[in-house]
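Remarks on the overall topology
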Amino acid sequence: MVPRPTFDRTLLQRLAELSRLHVPPERQAEVLQNMQRVTAAFDALRDLPLAPIDAGDNAAALVLRADEAEPPLPLAEVLANAPQVAAGMFVVPRVVEG
Amino acid sequence: MSHPWQLPARELAGLVRNRQLSARELVRACLDRIDRLDPGLHAFLDHRGARALADADAVDAACARGDDPGPLAGVPIGWKDNLVLRGETTSAGSRMLESFRSPYSATCLQRLAAAGGVLLGRTNMDEFGMGSSTENSAYGPTRNPWNSDLVPGGSSGGSAAAVAADLCPLAVGSDTGGSVRQPAALCGVVGLKPTYGRVSRHGLIAYASSLDCVGVLGHSVDDLGLWLQVCAGGDAADPTSTSAPVPDFTPAARESLKGLRIGVPWELNGPGLDDEVAAATEAARSTLRDLGAELVECTLPHTAYAVPTYYLIAMAEAASNLARYDGVRYGARRTGAKRCDEMTTASRSKGFGDEVQLRILLGTFALSIGYQDEYYGQAARARDLLRADFRHAFAKCDLLLSPTSPVPAFPLGSRIDDPLAMYLCDALTVPASLAGLPALSQPCGFTAAGLPIGLQWMAPPLREDLLLQVAGVFERHTDHHRRRALP
């Protein structure tokens with residue numbers, strides 16, 4: 001079993017990076033405390049047997065629709081929601097350095 | 001005639017179809033009531049005003065021509081702010097989507113409008129459905145119509161308060177872990193979460209996709225059946241919707257419960273219940289026995305794992321679903337960043353509230369290398385065990401019964417700083433969500449302070465017909481649902 005994680009500022013920084021979030025220093029202690037408490041409540045799950053269980057008749061098969069093109073969404077209405085557009089395209093800040 | 005806002009949806013639709021009441025008059029009455037009462041409740045984020053009246057006029061014109069506008073003719077319907085309607089703002093209770101206008105409509109809203117329903121306005125909610133009190137709305141909390149110092153429950157708290165205050169006879173909600181049933185209980189109305197897949201989720205802003213269900217709140221079991229009749233059925237736009245046949249949800253009234261076996265899982269009917277909630281559900285069980293039902297004790301042995309299982313799965317799915325809010329195609333953008341990834345991080349940190357950010361961080365943790373099998377993998381196993389528990393229980397019982405919420409409505413601000421205390425509000429509703437089962441909450445009593453208490457029914461998959469039939473019998477033999485919060 002993997003040891004129980006210690007929620008410290010390093011782990012929080014890593015999770016925030018993966019989540020594309022910035023947790024300001026003044027909020028970090030509170031966030032860490034909440035994460036610690038919630039994951040401690042999750043720990044009961046680690047005692048469960050590891051064998052897979054038959055999900056029975058609730059495991060309904062996913063039925064996908066036919067792979068056929070349908071009329072697209074109205075482009076003007078879609079683009080109207082974008083923070084910045086130009087020439088019918090989404091505009092973002094620079095992605096590649098150089 | 002009573003005030004129109006006091007009547008059930010089915011009766012209102014009949015009056016409109018027979019031209020004894022105009023749809024305009026009905027919608028106007030609801031809009032006036034919203035203008036008068038909602039400033040003190042904040043159940044609605046906005047209403048469609050003139051556009052709703054124009055839709056009502058179209059219903060009246062159809063009636064005048066002799067056409068049938070449909071089973072919901074002229075009925076004003078509120079909808080939770082996480083269901084999109086073309087051309088209207090939909091924010092999911094978040095600053096992130098404050099100015100988002102949808103280019104398409106949710107299937108269930110399309111079906112309601114096609115059945116003659118008049119879409120009245122958007123109701124308040126916890127941001128992206130994450131909360132049990134509606135205090136996590138970026139636009140301020142909703143207050144409980146029975147006592148404005150208390151929460152209405154959540155996350156469909158706006159829809160529950162709107163119905164409880166008679167601002168509209170029906171309001172659509174969504175239920176991921178109890179978000180229709182728990183506010184229904186705390187506001188003294190009836191709330192239905194159908195079987196997962198019974199109602200299309202196309203156009204429902206995703207929170208936790210393996211759990212999200214569209215549901216409804218109203219004043220009577222019959223009105224919920226009317227809503228389900230209109231909204232149920234497969235939808236090519238939602239591959240998780242079921243094409244199972246849709247039965248008639250308004251069968252001839254059943255008078256007795258003779259021959260019905262109702263299971264009472266002890267894990268959901270004892271530990272941790274408020275005394276008045278326990279007493280009201282015991283009184284309900286006694287009424288059901290008097291009506292001829294056989295009540296049998298049963299067990300759902302893995303219930304203790306339900307809350308952590310639910311939150312782990314929901315947070316993991318939320319972390320994935322909410323990754324789409326990157327400040328590029330829609331949603332808030334923080335300007336001034338020099339690089340795209342900086343812009344995304346800044347936009348998300350500004351657009352999401354504290355609880356949403358906490359759940360994304362925890363969901364990311366649950367899916368991260370080294371911990372995924374220990375946490376998310378174990379939660380998936382626990383979910384299978386819970387499903388098996390229900391299957392075994394339904395081999396011996398027709399329906400299962402419990403309180404809906406362990407506590408009645410609680411004061412605003414009393415749990416908001418303690419995520420665990422808030423999560424435990426869902427302890428009785430998350431098991432049915434994890435198993436994808438249909439479940440319903442209906443009023444079964446009041447506390448000494450006059451706060452409503454809810455009774456929860458759970459049925460085997462796709463047995464909403466039985467759920468509605470039996471809850472309907474209980475409703476006809478009790479009068480809890482008749483009491484109103486506001487004159």
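Observations regarding the overall build of chain B
Secondary structure summary: chain B contains 15 helices and 11 strands in total. Taking the principal axes of the C-alpha coordinates as reference, chain B spans close to 65 × 55 × 45 Å. With 487 residues in all, chain B has 67% of them scored as buried. In chain B, the proportion of contacts linking residues at least 24 apart, taken out of those at least 6 apart, comes to 76%. Approximately 15,500 Å² of chain B is accessible, and the part contributed by carbon and sulfur atoms is 50%.

A closer look at the pattern of salt bridges
Summed over the entire model, instances satisfying the criterion amount to 28 salt bridges over all chains. A salt bridge links D418(B) to R37(A); the nearest nitrogen and oxygen atoms lie 2.9 Å apart. With D418(B) in the loop between strand 9 (399–403) and helix 13 (419–423) and R37(A) in helix 2 (residues 25–42), this pair bridges two chains. Here D418(B) falls in the partly exposed class, since its relative accessible area comes to 24%. Note that D326(B) and R329(B) form a salt bridge whose closest N and O atoms lie 3.7 Å from each other. Residues participating in the shared-partner salt-bridge network are R48(B), R51(B), D55(B) and E88(B).

Side note on helix 2 (residues 23–37) of chain B
All names here are of chain B. With 15 residues, helix 2 extends 21 Å from end C-alpha to end C-alpha; this agrees with the ideal 21 Å at 1.5 Å per step. Within helix 2, the full set of buried residues consists of A23, L26, V27, A29, C30, L31, R33, I34 and L37. Buried-residue contacts for helix 2 involve helix 1 (9–17), strand 1 (44–47), helix 3 (49–65), strand 2 (76–80) and strand 3 (118–123).

Section: the sheet that holds strand 6 (residues 213–218) of chain B
Note on sheets: strands pair through backbone hydrogen bonds, and any given pair is parallel or antiparallel. All names here are of chain B. A sheet is described by the order of its strands in space; here 11 strands give the open sequence 1-3-2-4-6-5-10-11-9-7-8, paired in mixed fashion. Across the chains shown, the open sheet's two edge strands, defined by having one partner strand only, are strand 1 and strand 8 (294–298). The average angle at which neighbouring strand axes cross in this sheet is 30 degrees, direction not considered. Of the pairings in the sheet, the one linking strand 2 to strand 3 comprises 5 bridges and is parallel in character. Each residue of the ladder has a partner; that of G78, found in strand 3, is G121.

Things to note about the interface of chain A and chain B
At the junction of the two partners, chain A supplies 57 residues and chain B supplies 59 residues. Carbon and sulfur atoms make up 65% of the surface buried where chain A meets chain B, a total of about 5,100 Å² over both sides. Taken as a group, F42(A), L45(A) and N81(A) account for 13% of the area that chain A buries against chain B, more than any other trio of residues on that side. Connecting chain A to chain B are 4 salt bridges.

Overview of the confidence of the model for chain A
The predicted model of chain A has a mean per-residue pLDDT of 86, with 85% of residues at 70 or higher. Across chain A, the element-wise mean pLDDT spans from 94 in strand 2 (residues 89–90) of chain A up to 97 in helix 1 (residues 9–18) of chain A.

So, the packing of helix 1 of chain A against helix 11 (residues 354–366) of chain B
Following both chains from N to C, one finds helix 1 of chain A and helix 11 of chain B inclined at 95 degrees, their axes separated by 9 Å at the closest point. Judged by the angle between their axes, helix 1 of chain A and helix 11 of chain B are roughly perpendicular. Between helix 1 of chain A and helix 11 of chain B, the residues in contact are L12(A), L15(A), A16(A) and L18(A) and L361(B), T364(B) and F365(B), respectively.

Some thoughts on the environment of N321(B)
Residue and element names in this part refer to chain B. The residue N321 is located in helix 9 (residues 306–321) in this model. Since its relative accessible area comes to 11%, N321 is described here as buried. Counting along the chain gives 116 residues from N321 to I205, while the straight-line C-alpha distance between them is 9.2 Å. When residues no more than four places from it in sequence are discounted, the contact partners of N321 are A206, Y207, A208 and S209.

Let's talk about unusual backbone geometry
Residue and element names in this part refer to chain B. Note the cis peptide between G154 and S155, where omega equals 10 degrees. Here S155 lies in the loop between strand 3 and helix 5 (157–164). Look at D166: it is not a glycine, yet its phi comes out positive at around 60 degrees. Looking at where D166 falls in the secondary structure, it is placed in the loop between helix 5 and strand 4 (170–175).

Brief notes about the state of the cysteines
All names here are of chain B. Throughout the structure, instances matching the rule amount to 0 disulfides over all chains. Counting only cysteine sulfurs, C168 is the nearest neighbor of C187, a cysteine outside any disulfide, at a range of 12 Å. For C213, which is in no disulfide, the shortest distance to another cysteine sulfur is to C108 and amounts to 12 Å. On the basis of relative accessibility, which here comes to 4%, the residue C213 falls in the buried class.

Regarding the confidence of the model for chain B
The predicted coordinates of low-pLDDT regions are not to be read in fine detail. Mean pLDDT over chain B works out to 96, with 99% of the residues at or above the 70 mark. For this predicted complex, the interface confidence comes out at an ipTM of 0.92, alongside a pTM of 0.96.

The rules behind each value
Throughout, a residue's number is its position along its own chain's written sequence, starting from 1. Key to labels: chains lettered from A, ligands numbered from 1, both in the order written. Totals for whole chains, interfaces and linings use all residues, but because this is a predicted model, local features are given only for residues with pLDDT of at least 70 and pairs of side-chain atoms are given and counted only at 80 or more. Excluding hydrogens and water, the side-chain figures rest on all heavy atoms present in the structure. Secondary structure elements follow DSSP: runs of H or I no shorter than four residues count as helices, runs of E no shorter than two count as strands, and numbering proceeds from the N terminus. Think of it in three bands: with a 1.4 Å probe and only protein chains considered, a residue is buried below 20% of the maximum accessible area for its type, exposed above 50%, and partly exposed in between. Contacts were defined at the residue level, with two residues in contact if any of their heavy atoms lie within 4.5 Å. Computed by Shrake-Rupley with a 1.4 Å probe, the accessible areas treat only the displayed protein chains as cover when residues are assessed. Between Lys or Arg on one side and Asp or Glu on the other, a salt bridge is scored when a side-chain nitrogen of the former is within 4 Å of a carboxyl oxygen of the latter. Helix span is expected to be 1.5 Å times the residue number reduced by one. A pair of strands counts as paired when DSSP detects no fewer than two bridges linking them. Angles run from 0 to 180 degrees between N-to-C directions of axes, and those axes are lines fitted to C-alpha atoms, restricted for helices to the stretch in contact. Here's the idea: put two parts together, see how much 1.4 Å probe accessible area each one loses, and the total over both is what we call buried area. The predictor reports its confidence for every residue as pLDDT, a score running from 0 up to 100. Convention used here: angles under 35 degrees read as roughly parallel, angles over 145 as roughly antiparallel, angles from 65 to 115 as roughly perpendicular, and any remaining angle as oblique. Cysteine sulfur pairs qualify as disulfides if the two atoms are within 2.5 Å.

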